[in-house]
Amino acid sequence: MSNLKLGVDVVGAHNLLPKDGEGSSSAFVELCFEGQKFRTTIKEKDLNPVWDESFYFNITDPANLHYLTLDAYVYNNVRAANSRTFLGKVSIHGNSFVPHSDAVVLHYPLEKRGIFSRVKGELGLKVYITDRNPSMKSSAPAESMPQGHQPGREKGERHTFHHLPNSSHHSHRHHHNAEASSAAAEVATTHHVPKYVADEMRAASAEHQQQKLVRMYSASAGQPVDYALKETSPFLGGGRVVGGRVIHADKTASTYDLVERMFFLYVRVVKARDLPAMDVTGSVDPFVEVRIGNYRGITRHFNDRQNPEWNQVFAFSRERMQASTLEVVIKDKDLVKDDFIGVVRFDINEIPLRVPPDSPLAPEWYRLGDKKGDKVKGELMLAVWIGTQADEAFSDAWHSDAATPVDSSPAASTVIRSKVYHAPRLWYVRVNVVEAQDLFPSERTRFPDVYVKVQIGHQVLKTKTCQARTFNALWNEDLLFVAAEPFDDHLVISVEDRVAPGRDEIIGRVVLPLSAVEKRADDRIIHSRWFNLEKPVAVDVDQLKKEKFSSRIHLRVCLDGGYHVLDESTHYSSDLRPTAKQLWRPPVGLLELGVLNAVGLHPMKTRDGRGTSDTFCVAKYGHKWVRTRTLIDNLSPKYNEQYTWEVFDPATVLTVGVFDNGQLGERGGKDLKIGKVRIRISTLETGRVYTHSYPLLVLHPTGLKKMGEIHLAIRFTCTSFANMLYQYGKPLLPKMHYVRPFSVMQLDMLRFQAVNIVALRLGRSEPPLRKEVVEYMSDADSHLWSMRKSKANFFRLMTVFSGLFAAGKWFTDICMWKNPITTVLVHVLYLMLACFPELILPTSFLYMFLIGVWNYRYRPRYPPHMNTKLSQAEAVHPDEMDEEFDTFPTSRSPDLVRMRYDRLRSVAGRIQTVVGDVATQGERFQALLSWRDPRATAVFITFCLVAAVVLFVTPVQVIAALAGFYVMRHPRFRYRTPSPPINFFRRLPARSDSML
């Protein structure tokens, strides 16, 4: 049996249903889990009982924890009859169980047991997993207690749970095994991705390695062919992709099947022993040089060590091998020229092949030889094998394709490796500043003008200044911040007195560690607390002794886990889950991405008089960021790296960006953007492999520019079709966004802070993801004004209403009898619907069904991509483009800013006119019954009376038929001037007469 236990803290219930006939209930809770039962004490005559009792269940098989359910039944104890009546129940699925450190109290609404059950109220529970003996007392099993008896307790020790890293966020280019190494690891990695190993190596012919262009999508997108999406048919690890399906080349199936298989020669340099002394002092400063042709990798060197240990791995691409012999040379570091110690040579044709899931190849001791091949003193421990990018040594190895042939060292190896990053879990911090008391300023002759300043790291917010004529102040303001786990910063609240303009004095402050702040996952009320304000250090000690009272402040502070912290544009969100893990639902699918290669990249720098690029790719989805290795001096790099993500909501977007590494050579340079691709998961068919070449389109101050193409392979696999369909009926954001919504200004401010925190955390990794990369991937500047985007959004809106405009034009042609046959048929159809109105809705839905079935054959067979025509990027004015790339605040000349301001005023004037016209029409509707125009109102109400009488005695079908025939009457019976009802409406007064 596992030592893991399921802990349940029964906090309390409120608003229970009275069941004892006296307007109350004697409630107790019975917990059931995996055949085990526990019961709380009975709270007599209390509809809002509070228990605060803890219980611990044994977990027999942690691997099946996800399939188990914790049931909590609330009963009313009937002491006279020694029985119980049902008050409600709560069922919690195993996917909601989290470690103790992440658990918070949740108030679950009570559910019915059957159709005829009548329940109400909520039950507060805290459910968590722990692996230590409970220090709190556990309840006795319910079976051993008589009805109505209050259970006793057994002594024990409290359990805690050590949460293991989430393997789905640390998987690197590999799928993961379906079974974890231990049962405890399975429980800890509740949302983890299965790991599968690559199949055995098989050689692929040269023609299979070439991409086969199948189809180009440009006509449907309405943009130039050069900017179009291209479907390809590459030969991947699992076979050739044809029509979105993988056709295997042989019977051996491959799970690492979304990239082309690449072969590498791996050399692991472990250590050396018994090296000879190389100078008169008897010391040696050894390092190892691994050479194949012109490529060489060098380990770090040690000072005065004859038995050094390196444990470094070198990977040489088979495509770039220029020799048939591998040389591993040990040298002694010297100021002038490095001294030769010994060498070990290998024939590449004799190097063994290692295929995962084989264990790592055991290193061996090799005797060193001199340049002639004779043995010399010293031995070197090496492991040499041929593998693919599926090898576990791939991520930490020095790569030959990430260094120039003449480079004698790992070229900035810390910034060229491929890595997986996990963005920090973000929380909203809500600080409700209620009031403060005993606020005595330094000058006792006046009342203070105080405000509260709250700071977390670089985030600073202030309340309004309270100018009460007392020494107490009242604010009751909410201040919102963003914090990231682990909580390194403290919450600093200071009360300051505005002595004079530009001069403030601190009355007192209080410092709260964020780790001690209460967490909540719903909108329950957090209990407020009074905090004593600490005086600033500069205050006189004698003055403090004279004061009888210390100032204090009334606060309500909590970490809101029921929200999703928006750290990216809401239009391109890759994760919509709330912060609190127990609110997470099971994943609905698995997203797999293969970054194959890039072609035709634009040179981003100059090296040796020629243009080149040192590129890497970054992919972001949810909390997991991935970065491929940097391929140096290559305008057509081949990455062939594969990654996986769990999908919790199909209405999310995967973002893939290509960047030029600016950390090589001149340190501290920025990583330049080359382009990015967005792919919405809901637009992908399940099980289909999408292999396309995406154009990398970037807007520059000079206009639109194509920077190259990125070749990707994508597959979305649905693990639970029912859960995925269930997601379509759920709110897009967590419940708290609708219960206690934020304002638009608050969301913009919080998103700005969240992006800065994520960029700061990822920038502290190794290799770092720099701030410009995080901001570009998160679309941090998407809210800024752009004339081009405004035009694009206007034309998008016109496209949305184009169907209505077309229907209106068609109906106008019907009314004008341009095609008499069609008009007669429309009259017949309208008469039929007017006589049988019950056919209107079925006919409409059937019509939409037939349209959908007809459009199925023309459905998109490719993911959506950047559309230059939709974005209004093809013929944008240079000045508008320069305005879009202007900084905020502006850095342009005053004359240019004045010209743009006048242009914006003219555009805003037209919008102002349209808004005024819409308001005028609405006010005319209100004027019909307002008697603002007494004659018009009298005419209208008289018409309403006559219409009421006529409609009362005339069937509705007749009225509808006559009205339709009147509208569609022949042009011979029409006038060129507007109809009387329109003339009457236009003569109604509006409030525009009262405008200044």
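Calculation criteria
- Residues numbered from 1 in each chain as written.
- Predicted model: local features only at pLDDT ≥ 70, side-chain atom pairs only at ≥ 80, totals over all residues.
- Heavy atoms only, no water.
- Helix = DSSP H or I, 4+ residues; strand = E, 2+ residues; numbered from the N terminus.
- Buried < 20%, exposed > 50% of the residue type's maximum accessible area, 1.4 Å probe, protein only.
- Contact = heavy atoms within 4.5 Å.
- Salt bridge = Lys/Arg side-chain N within 4 Å of Asp/Glu carboxyl O.
- Core = buried A, V, L, I, M, F, W, Y, C linked by side-chain atoms within 4.5 Å.
- Pairing = 2+ DSSP bridges.
- UniProt positions renumbered as here; feature names shortened; annotations may be inferred.
- Axes fitted to C-alpha atoms, helices over the stretch in contact; angles between N-to-C directions.

Quick look at the environment of Gly600
Along the chain, Gly600 turns up in the loop between β35 (589-599) and β36 (605-607). By relative accessible area, Gly600 is classed as exposed at 58%. Residues Gly600 and Met707, 107 residues apart in the sequence, show an inter-C-alpha distance of 7.4 Å. For Gly600, the residues in contact, after removing those within four places along its chain, are Leu635, Ser636, Met707 and Gly708.

Focus: the pattern of salt bridges
Per the stated rule, a full pass over the model turns up 57 salt bridges. Taken together, the shared-partner salt bridges connect Asp879, Asp882, Glu883, Asp886, Arg892, Arg900 and Arg903 into one network.

Details of the nonpolar core
If you look at the biggest cluster of nonpolar residues, it comprises 63 residues, and the most contacted ones within it are Leu591, Leu593, Trp625, Trp645, Ile710, Leu712 and Ile714. Of the residues forming this core, the biggest block, six residues, is contributed by helix α6 (residues 744-763). Discounting residues that sit within four places of it in the chain, Trp645 has contacts with Gly589, Leu590, Leu591, Leu593, Ala619, Tyr621, Lys624, Val626 and Leu654. Among the nonpolar cores identified, the runner-up in size contains 34 residues, and Val10, Leu16, Leu110 and Ala521 belong to it.

A word on the pairing of strand β23 (residues 375-388)
Among the 14 residues in β23, 11 count as buried, and that is most of the element. Alignment of strand β16 (residues 263-273) against β23, held across 10 bridges, turns out to be antiparallel. Looking across to β23, one finds that Ala272 is bridged to Leu380. Pairing between strand β22 (residues 364-369) and β23: five bridges, direction antiparallel. Across the sheet, the residue bridging to Arg367 is Glu379, located in β23. Linking two consecutive strands that pair antiparallel, namely β22 and β23, is a turn of five residues; a positive phi of about 105° is found at Gly373 within it.

So, the UniProt feature "transmembrane region" (unreviewed entry) in the protein
UniProt marks residues 794-812, 824-854 and 938-967 with the feature "transmembrane region" (unreviewed entry), using the numbering shown here. Across residues 824-854 one finds 87% helix and 0% strand; the C-alpha atoms that close the span lie 26 Å apart. With 93% helix and 0% strand, the stretch residues 938-967 has end C-alpha atoms that lie 26 Å from each other.

Observations regarding the sheet that holds strand β5 (residues 69-78)
Spatially, β3-β2-β5-β6 is the arrangement adopted by the four strands of the open sheet, whose pairing is antiparallel. In this open sheet, the two strands that pair with only one neighbour each are β3 (36-39) and β6 (83-93). When the angles between neighbouring strand axes are averaged without regard to direction, this sheet yields 20°.

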